[in-house]
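This is what each chain is made of:
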Amino acid sequence: MRKTYQFRIYPGRKQEVVLNRTISTCRHLYNEKLAERKKQAELNRLKKQFDVFPWGKPEWINYFGQKLDLTASKTSFQKEVHSQVLQDVIKRVDKSMVNFFNGFGYPRFKGRNMYNSFTYPGSGFELKDGKLYLSKIGSFKIILHREIEGKIKTCTIKKDIDQWYVSFSCEIDNPVPVEIKTRTGIDVGLIDLLTLSNGEQIKPAKFLRTSEDKLTQEQKRLSRKKKGSGKRNKQRIIVAKVHRKIRNQRKDFAHKTSRMLVDNYDLIKFEDLQIKNMVQNHHLAKSISDAGWYQLMNLTEYKAAYAGKFVEFVNPAGTSQTCICGYFVPKKLSERIHSCPSCGLVMGRDQVSAILIENRPSCTVGTTGIYDRQGLSIESRCSGTLRGFSPE
Ligand SMILES: [Zn+2]
């Protein structure tokens, strides 16, 4: 199984120029190869639907074909980048097409602020004496605040506005599954609140709210700035940094909470938010809080997998309107206390939901590997090719 580690690196000014140029070269290659694949997909669609070939008979271009093309005709910019890094870009294009054919969104071209990482998929990097050596770029000071387990397989460099990170994907031994002795069900609320089936409630710290207020403020300021002006660009960076702060605070909360859950329970059950959202209407506040919950669930699944523990997802239908005895107890959202006329149970509504979730059989079992409910591996999302949350 794979485990990901992330560390910050500190490039000098000149190195930063090279890093930025590498990302830019990769982004251009990505867009170029994606255009090829999109054109081909379109040709194939025409062929299937109308049996016409307006631009001649389409040739099937795949990952290997595109890789050969690249080797045969590299630009001077591309020659300055390690060949495996470029091949990985083509792999990302391939992945985005494969995902598309599996029912996910149509791959999009990447604008300047949308492409921010590159990967050494096998070689071209080395960790030695507290330094990270990257082929064709140079060596960086790196602080390994965690010990790396297993064998490093890939090395990804990421840019986050003005900070740089490296993440290593390592091959580790599969853990021995534990015997399930402790279990819990978890109800997640619309507001940032999490209720366990034993009644325990967890709230993220108040600072998250404060940062979110600050975000609204800075965004308002941004909207008042003239388009294309230097001041607007400066404000855009300020907004991006507030976003980063919130992201990090949420991540930190998700890391700590998932660690606590996995340390305390062998089997953890969540409601499946995807099923839940199919029956409920969307609104913005909901999707924002869901984003946080997805991250928490993914991290819990991820950490449980390493510990040989289990995470399951259950269909949440009716969990807010049913008693533990099975009696139907309708409640408005504003009613926070559940009171059952049949068995006489009086309890907080969130805890009743959590108990029902704990007792419900799962619809998807997340123990076969580190996959989220969309079937995308966390690694593929980590590489920055897909939207979503990275585990680190
Ligand atoms: Zn009851």
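What comes next concerns the included structure. Everything numeric in this text was worked out from a predicted model, so none of it was measured.

Criteria and cut-off values
Residues numbered from 1 in each chain as written. Predicted model: local features only at pLDDT ≥ 70, side-chain atom pairs only at ≥ 80, totals over all residues. Heavy atoms only, no water. Helix = DSSP H or I, 4+ residues; strand = E, 2+ residues; numbered from the N terminus. Buried < 20%, exposed > 50% of the residue type's maximum accessible area, 1.4 Å probe, protein only. Contact = heavy atoms within 4.5 Å. Areas by Shrake-Rupley, 256 points an atom, 1.4 Å probe, with all protein chains shown as cover. Pairing = 2+ DSSP bridges. Donors = N, O, S within 2.8 Å, 3.2 Å for Na, K, Ca; no water. Tetrahedral: all angles 85-135°; square planar, octahedral: opposite > 155°, others 65-115°. Salt bridge = Lys/Arg side-chain N within 4 Å of Asp/Glu carboxyl O. Phe/Tyr/Trp six-rings, centres within 6.5 Å; stacked < 30°, edge-to-face > 60°. Lys NZ or Arg CZ within 6 Å of the ring centre and 35° of its normal. Axes fitted to C-alpha atoms, helices over the stretch in contact; angles between N-to-C directions. Parallel < 35°, antiparallel > 145°, perpendicular 65-115°, else oblique. Left-handed = near helix turned anticlockwise from the far one by under 90°. Nonpolar A, V, L, I, M, F, W, Y, C, P; charged D, E, K, R; others polar.

### Things to note about the overall build of the chain
Here is step 1: When helices and strands are counted, the chain shows 10 helices and 15 strands.
Here is step 2: Among the 392 residues that make up the chain, the fraction classed as buried is 46%.
Here is step 3: Sequence-distant contacts in the chain: of pairs separated by 6 or more residues, those separated by 24 or more amount to 70%.
Here is step 4: In the form shown here, the chain has an accessible surface area of approximately 21400 Å², with 53% of it arising from carbon and sulfur atoms.

### Digging into the pairing of strand β12 (residues 310-314)
Here is step 1: In terms of residue burial, β12 counts as a mostly covered element, since five of its five residues are buried.
Here is step 2: Sheet analysis places strand β11 (residues 267-271) next to β12, joined by five bridges and oriented parallel. The residue bridging Ile268 from the neighbouring strand is Val311, located in β12.

### Looking at the coordination of the zinc ion
Here is step 1: Protein coordination at the zinc ion comes from Cys323 (SG), Cys325 (SG), Cys340 (SG) and Cys343 (SG), with a distance range of 2.2 to 2.3 Å.
Here is step 2: For the zinc ion, the four donor atoms in the first shell make angles of 105 to 114 degrees at the metal, so the coordination geometry reads as tetrahedral.
Here is step 3: Among the residues examined, Cys323 registers a relative accessible area of 1% and is labelled buried.
Here is step 4: Cys343 sits in the partly exposed class, given a relative accessible area of 45%.

### Side note on the pattern of salt bridges
Here is step 1: Scanning all chains against the criterion turns up 19 salt bridges.
Here is step 2: Note that Glu36 and Lys33 form a salt bridge whose closest N and O atoms lie 3.7 Å from each other. Residue Glu36 and its partner Lys33 are both found in helix α1 (residues 13-50); the two are separated by three residues, about one turn of the helix.
Here is step 3: Glu36 gets classed as partly exposed once you look at its relative accessible area, which sits at 24%.
Here is step 4: Residues Arg336 and Asp350 are paired through a salt bridge, measuring 3.1 Å at the closest nitrogen-oxygen approach. Residue Arg336 is found in the loop between β12 and β13 (337-339), and its partner Asp350 is found in helix α9 (residues 349-359); the two are separated by 14 residues along the sequence.
Here is step 5: By relative accessible area, which is 13% here, Asp350 ends up buried.
Here is step 6: In this structure, a network of salt bridges that share partners links the residues Asp160, Asp162, Lys241, Arg244 and Arg247.

### Points about the packing of aromatic side chains
Here is step 1: Within the structure shown, the criterion is met by nine aromatic pairs.
Here is step 2: Residues Tyr30 and Tyr115 carry aromatic rings whose centres are separated by 5.4 Å and whose planes lie at 55 degrees to one another, so their mutual orientation is tilted. With a gap of 85 residues between them, Tyr30 in helix α1 and Tyr115 in the loop between α4 (83-101) and β2 (117-120) connect regions that are remote in the sequence.
Here is step 3: A relative accessible area of 1% places Tyr30 in the buried class.
Here is step 4: Owing to a relative accessible area of 5%, Tyr115 belongs among the buried residues under this scheme.
Here is step 5: Among the aromatic residues, those joined into a ring-pair cluster are Phe100, Phe101 and Tyr106.
Here is step 6: Geometry around Phe109 places Lys38 over its ring, the cationic atom sitting 4.2 Å from the centre.

### Side note on the packing of α1 against α4
Here is step 1: Interhelical geometry of α1 versus α4 gives an angle of 40 degrees and a closest axis separation of 9 Å. By the angle between their axes, α1 is oblique relative to α4. As for the relative orientation of α1 and α4, their crossing is right-handed in sense. Residues Thr25, Cys26, Leu29, Tyr30, Lys33, Leu34, Arg37 and Ala41 of α1 pack against Val85, Leu86, Val89, Ile90, Arg92, Val93, Asp94, Ser96, Met97 and Phe101 of α4.
Here is step 2: Looking at the contact of α1 with α4 residue by residue, the classes come out as 12 nonpolar, two polar and four charged.

### As for the sheet that holds strand β5 (residues 138-141)
Two modes of strand pairing occur in sheets, parallel and antiparallel, and in both the strands are linked by backbone hydrogen bonds.
Here is step 1: If you trace the three strands from one edge of the open sheet to the other, you get β3-β4-β5, paired in antiparallel fashion. At either margin of the open sheet sits one strand with a lone partner, and together these are β3 (125-128) and β5. With strand direction ignored, the average angle separating the axes of adjacent strands in the sheet is 20 degrees.
Here is step 2: Judged from the four bridges that link them, β3 and strand β4 (residues 131-134) form a sheet pairing that is antiparallel. Considered in β4, the bridge of Phe125 is made with Leu134.

### A few points about the sheet that holds strand β1 (residues 2-9)
Here is step 1: Pairing is antiparallel across the open sheet formed by four strands, whose spatial order is β1-β7-β6-β2. A single partner strand is all that each edge strand has here, and the edge strands are β1 and β2. Taking the axes of each pair of neighbouring strands and ignoring which way they run, one obtains an average angle of 20 degrees across the sheet.
Here is step 2: In this fold α1 packs onto β2, β6 (151-160) and β7 (163-171), with an angle of close to 90 degrees to the strand it touches most, β2.

Function cannot be inferred from these measures alone, as they are strictly geometric.
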